[in-house]
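Secondary and tertiary structure notes
Here are the chains, one letter per residue:
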Amino acid sequence: MEYLDGNALGGALGEVFAVDVTAAVGQCASCGTSGAIGQARVYPDAPGLIARCPTCSEVLIRLVRDANRAWLDLRGISCLQLALPADR
Amino acid sequence: MGIVSPGFAGRRRSGSEKLPPGQYLVTDFPVLSAGPTPRVDTRKWELRIRTETGQEHSWDWDSFLRLPSEDITVDIHCVTKWSKFGTGWRGVSVDTLLAGVETAAEFALARSYGGYTTNLPLQDLLGGQAWVAYRFDGKDLVPEHGGPARLLVPHLYFWKSAKWVNGIDLMESDQQGFWESLGYHNYGDPWREQRYWGD
Amino acid sequence: MARAAVLGRLNWLVGTVTAVRDETATARTIVLDVPGWPGHAPGQHVDVRLTAPDGYSAQRSYSIASASASAGSRLELTVQRLEDGEVSPYLAQTLEVGYPLELRGPIGGWFVWDPADPAPVLLVAGGSGIVPLMAMIRARAAADSKVPFRLVYSVRSPDTVIYSGELLAREQAGESDGVSVTYVYTRTAPPGSDGPARRIGPAALTADGWLPKQAPAVFVCGPTGYVEAVAGILTRAGHDPGLIKTERFGPTGG
């Protein structure tokens with residue numbers, strides 16, 4: 001009950017990634033479940049942002065920001081499929 | 001810093017000479033969490049100290065409560081900038097827990113139900129600087145604040161005070177915990193404002 | 001979708017308030033002009049950041065209420081004032097026309113309705129969760145779409161309905177042009193309504209045209225507990241969880 005949807009990560013990740021990550025499909029490195037990052041469970045009230053797998057609750061993504069650095073840990077995702085604009 | 005928002009003051013906060021740099025005082029007790037709140041049954045609770053040689057010392061809830069405990073009042077400082085003065089706890093001093101433990105280790109890693117970890121020098125757990133606390137503000141420690149029991153190390157940023165603690169590993173070499181491996185300072189002294197790597 | 005067409009990391013932008021409009025006693029729409037705004041898709045949100053003179057800052061996410069098409073640099077937010085909120089009272093009361101507002105966006109490519117999707121759409125709103133769903137309803141109108149839309153909107157009482165006039169107008173716009181709306185009053189039902197106030201249940205959510213076998217796209221938005229309850233009802237009723245998109249407002253909102 002204390003979590004939000006993956007949308008809540010969109011702003012912070014949007015400062016790091018040039019494309020939207022909430023619609024990206026990720027595979028959980030712990031249980032193998034695939035789903036849109038938007039479906040992840042985000043715990044926003046921490047010294048950093050934590051996204052967990054909605055199936056097994058293991059950590060998918062971790063992000064910490066200070067004024068001019070970001071630390072990103074994506075080890076919880078074994079594969080991330082991102083939609084990119086088609087080449088012209 | 002962003003543009004100043006005309007007329008915005010934010011939550012009531014104040015400064016004080018007793019505050020570490022960059023902190024502000026709060027009167028509530030914010031709950032920060034990196035995951036679901038563990039609900040631990042004290043009938044199954046266990047605190048396990050593991051030394052660098054593999055020796056283990058453990059307590060179940062009843063034997064833990066039979067250890068000598070003390071009431072302490074301390075100021076706490078969170079890396080997210082809030083501080084709280086005069087918080088009252090009851091806990092077992094880590095000196096008591098380590099009294100019968102033979103070790104040459106210099107480092108410790110605290111472990112929690114739910115998978116959280118945090119590391120600190122063993123020295124910082126001794127000398128009356130740390131407790132495993134099970135009561136806050138005159139009541140049993142609630143799960144949201146780390147109950148049944150949490151580590152309490154008030155001289156460092158509060159992320160080192162691991163909620164839902166269930167173990168302390170004593171180690172010969174340092175091992176980064178959950179936040180320390182993701183940009184947060186390895187030591188975390190609020191008075192030197194050691195929030196992030198390189199601070 | 002606007003966001004997918006533009007590669008680039010998000011930066012903080014400064015908008016100016018050009019108008020404010022009360023929606024209910026505690027909710028207000030803020031119209032902003034944001035130079036450099038790249039446009040947005042219905043359902044996306046912005047992060048708003050307020051900074052005090054001493055550098056203290058607070059940040060919250062707000063859904064974009066307006067449809068984007070040909071709006072240029074204009075966007076609207078509708079903010080519900082929370083009693084003990086830190087940011088919402090500033091936005092709902094202190095902010096005035098001419099004030100600057102710092103924001104980052106548009107954010108989110110998942111909780112988005114695509115006008116090109118022919119599937120019927122079921123929108124389920126809890127309180128101020130109506131905001132992103134209203135952006136979808138407005139985008140549907142702007143796109144002249146005939147995709148069937150149904151809104152189930154839980155509110156405490158009739159006077160807490162946000163956009164009540166506009167929803168009535170869109171409902172009355174006729175079968176394929178309009179949107180069908182069902183209100184669920186959880187505290188005080190209006191006189192003449194078909195039953196006392198009650199929490200949302202399966203009856204409100206299962207109606208012809210939006211049954212699981214019709215595979216509607218479902219968007220649920222509101223407080224965390226509400227979203228959980230609704231998602232549970234829908235999945236137990238047989239809806240494919242993959243077609244249910246949710247946006248929870250946590251207790252940190254406000």
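Coordinates for the structure precede this section.
Now for a quick tour of the structure. (Residues numbered from 1 in each chain as written. Chains lettered and ligands numbered in written order. Predicted model: local features only at pLDDT ≥ 70, side-chain atom pairs only at ≥ 80, totals over all residues.)

Helices and strands together make up the secondary structure of chain B, namely two helices and 11 strands. Ordered by position in the sequence, the α and β elements of chain B form the string β-β-β-α-β-β-α-β-β-β-β-β-β. Relative to the 2.2 N^0.38 estimate, which gives 16 Å for 199 residues, the radius of gyration of chain B is 17 Å and therefore close to what a compact globule would have. Considering chain B as a whole, with its 199 residues, one finds that 36% of them fall into the buried category. Here the contacts in chain B between residues at least 6 apart in sequence split such that 63% fall between residues at least 24 apart. (Helix = DSSP H or I, 4+ residues; strand = E, 2+ residues; numbered from the N terminus. Rg over C-alpha atoms; globule rule 2.2 N^0.38 Å. Buried ≥ 20, exposed ≤ 12 C-beta atoms within 10 Å, placed from the backbone. Contact = placed C-beta atoms within 7 Å.)

Okay, the interface of chain C and chain B next. Chain C puts 17 residues into the contact, and the matching count from chain B is 12 residues. Only β1 (12–22), β3 (45–51), β4 (57–63), α2 (88–94) and β6 (100–107) of chain C provide two or more residues apiece to the side of chain C that touches chain B. The dominant element in the side of chain C that touches chain B, judged by the number of residues it contributes, is β3(C), at three residues. Among the residues making up the side of chain C that touches chain B, the classes are represented as 10 nonpolar, four polar and three charged. (Nonpolar A, V, L, I, M, F, W, Y, C, P; charged D, E, K, R; others polar.)

A separate point is unusual backbone geometry. Between G147(B) and the following residue, P148(B), the backbone shows a cis peptide bond with an omega angle of 20°. Along the polypeptide, P148(B) turns up in the loop between β9 (139–140) and β10 (150–152). Following G105(C), the chain continues to P106(C) via a peptide bond in cis, the omega torsion being 0°. Summarising the element assignment, P106(C) is placed in strand β6. Unusually for a residue other than glycine, D137(B) sits at a positive phi of about 55°. Tracing the backbone through its elements, the reader meets D137(B) in the loop between β8 (131–136) and β9. Here W164(B), not a glycine, exhibits a phi torsion of approximately 55°, which is positive. You can see W164(B) is positioned in the loop between β10 and β11 (165–171).

A few words on helix α3 (residues 130–142) of chain C. All names here are of chain C. For α3, which comprises 13 residues, the first-to-last C-alpha distance of 18 Å matches the rise-based estimate of 18 Å (1.5 Å per residue) to within 8%. Among the 13 residues of α3, 11 are classified as buried, and the element is accordingly described as predominantly covered. Listed as buried for α3 are I130, V131, P132, L133, M134, A135, M136, I137, R138, A139 and R140. Two residues or fewer after α3 comes D144, characterised by a positive phi angle close to 55°. (Expected span 1.5 Å × (residues − 1).)

Turning our eyes to something else, we now look at the sheet that holds strand β2 (residues 34–36) of chain A. All names here are of chain A. Strand order across the open sheet formed by three strands is β2-β1-β7, with antiparallel pairing between neighbours. In the strand order of this sheet, the two ends are held by β2 and β7 (77–81), each with one partner. Direction aside, the axes of adjacent strands within the sheet are offset by 25° on average. Pairing analysis gives four bridges linking strand β1 (residues 25–28) to β7, with the strands arranged antiparallel. Note on β7: the bridge partner recorded for Q27 is C79. (Pairing = 2+ DSSP bridges. Axes fitted to C-alpha atoms, helices over the stretch in contact; angles between N-to-C directions.)

Turning our eyes to something else, we now look at the interface of chain C and chain A. With 24 residues of chain C at the interface, the matching set in chain A holds 23 residues. The set of elements that each furnish at least two residues to the side of chain C that touches chain A consists of α1 (2–5), β3, β6, α6 (224–236) and β11 (244–249) of chain C. When residues of the side of chain C that touches chain A are assigned to their parent elements, the largest contribution, four residues, is made by β11(C). The residue inventory of the side of chain C that touches chain A, partitioned by class, reads seven nonpolar, 10 polar and seven charged.

On to the sheet that holds strand β2 (residues 46–50) of chain B. Residues and elements named next belong to chain B. Read across the open sheet, the five strands follow the order β3-β2-β11-β6-β7; overall the sheet is mixed. Looking at the sheet topology across the chains shown, the edges are occupied by β3 (56–60) and β7 (117–121). Strand-to-strand twist of the sheet, defined as the mean angle between neighbouring strand axes without regard to direction, takes the value 15°. The pairing of strand β6 (residues 107–112) with β11 spans six bridges and is antiparallel. Within β11, the position partnered with F107 by the bridge is M171.

By themselves these figures say nothing about function.
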